[in-house]
Amino acid sequence: MDHAADAMRTDLMTITRFVLNEQSKFPEARGDLTILLNHIVLGCKFVCSSVSKAGLAKLIGLAGDTNVQGEEQKKLDVLSNDVFIKALSSSGRTNVLVSEELEEAVFVDEKLRGRYCVVFDPLDGSSNIDCGVSIGTIFGIYMLKEGSAGTLNDVLQPGKNMIAAGYCMYGSSCTLVLSTGTGVNGFTLDPSLGEFILTHPDIQIPKKGKIYSVNEGNAKNWDEPTRKFVENCKFPQDGSSPKSLRYIGSMVADVHRTLLYGGIFMYPADKKSPNGKLRVLYEVFPMSFLVEQAGGMAFTGKGRALDIVPTKIHQRSPIFLGSYDDVEQIKALYEATA
């Protein structure tokens, strides 16, 4: 038995250790955010386990209306939603919850209420489950407004007021990317330990990328700046190499690749969806927060994404996010047509 190697394995930067280290930098911190993040991590582990078994459950007849015990089997996105609602409520640190799966906001039971509001998409890209494409959970955390007991206004805040955001991607490995406002760090789940280990410290998005990511099936409905930008990606006027197109159709996977390799991810407004398609609170804001923290930019076609002041919990917005120079380029095209 290699005792030295085993000893090394215990000196790992787990996500719990990392968050506690961050907390120690703020002597006034009470540990509430740490506890809340631990509950989110638990929810991610549970969903990761369910996602990996989903195909098998379908194949061997475990997914139907009822199982042998007479318990109802739930669809994965409904199950994920239940998991996160329970994990967040039971933390005793949350107050208002907004989920992509629920029409109305959830107000946590008074006995369990805390200082935080969480907005989340429990399983983004769930239509891709059957073909094995990466899917994920996206979340953003707000602090209650000063003196508030918890109302809808506490989540209808601009994204720049978020105190933390992240996503967990369930793919070839289970990866959790997190920012508490001081940079972006990525953790990978070690199944043998059941722990998320720091594998991508201080993620910095390249200033300029070689990839653009957009659903070109919508091209006939695009506006002029988007059309011009994509045309320039394929046929650059400055003699540089054309960009490569990569589009998975699962926002978590597309943004994850953009964070690591650079480039631009776009879901513009078009004639079919004049307000854009992606939801502001739990898709646009958390991803824009992460991209900005990693040194990139997020733009809506009108202004900075994190400056939007939402009026509805399921409001939508166009989004262009990624490498600073690439987003700057499309920003200039919009400004030229303004």
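For the structure, see preceding data.
Calculation criteria
Residues numbered from 1 in each chain as written. Predicted model: local features only at pLDDT ≥ 70, side-chain atom pairs only at ≥ 80, totals over all residues. Heavy atoms only, no water. Salt bridge = Lys/Arg side-chain N within 4 Å of Asp/Glu carboxyl O. Buried < 20%, exposed > 50% of the residue type's maximum accessible area, 1.4 Å probe, protein only. Helix = DSSP H or I, 4+ residues; strand = E, 2+ residues; numbered from the N terminus. Pairing = 2+ DSSP bridges. Polar contact = N/O pair within 3.5 Å; in protein donor to acceptor, adjacent residues only side chain to side chain. Contact = heavy atoms within 4.5 Å.

Engineer: Teacher, can you tell me more about the pattern of salt bridges here?
Structural biologist: Close approach of charged atoms lets side chains of opposite charge pair. For the structure on display, the rule yields 16 salt bridges. Here Arg30 makes a salt bridge to Asp32, at a shortest N to O gap of 3.1 Å. The class of Asp32 is buried, set by a relative accessible area of 9%. In this structure, the salt-bridge partner of Asp254 is Arg257, at a minimum N-O distance of 3.0 Å. Of the two residues, Asp254 and Arg257 both sit in helix α6 (residues 251-261), 3 residues apart, roughly one turn of that helix. With relative accessibility at 12%, the residue Arg257 sits in the buried group.

Engineer: So what exactly am I meant to see when it comes to the sheet that holds strand β9 (residues 211-213) here?
Structural biologist: Paired through their backbone hydrogen bonds, the strands of a sheet run either parallel or antiparallel. Spatially, the 5 strands line up as an open sheet ordered β10-β9-β11-β15-β13, and their pairing is mixed. One side of each edge strand has no neighbouring strand; the edge strands of this open sheet are β10 (244-245) and β13 (297-299). Alignment of β9 against strand β11 (residues 264-267), held across 2 bridges, turns out to be parallel. Within the sheet, the bridge partner assigned to Tyr212 lies in β11 and is Ile264.

Engineer: Where do I start with the side chain of Ser250 in this structure?
Structural biologist: As for its placement among the helices and strands, Ser250 is situated in the loop between β10 and α6. Reaching out from Ser250, the side chain makes a polar contact with the backbone oxygen of Ser134 at a distance of 2.7 Å. If near-sequence neighbours (up to four positions away) are discounted, Ser250 is found in contact with Asp124, Gly125, Asn128, Val133, Ser134 and Ile135.

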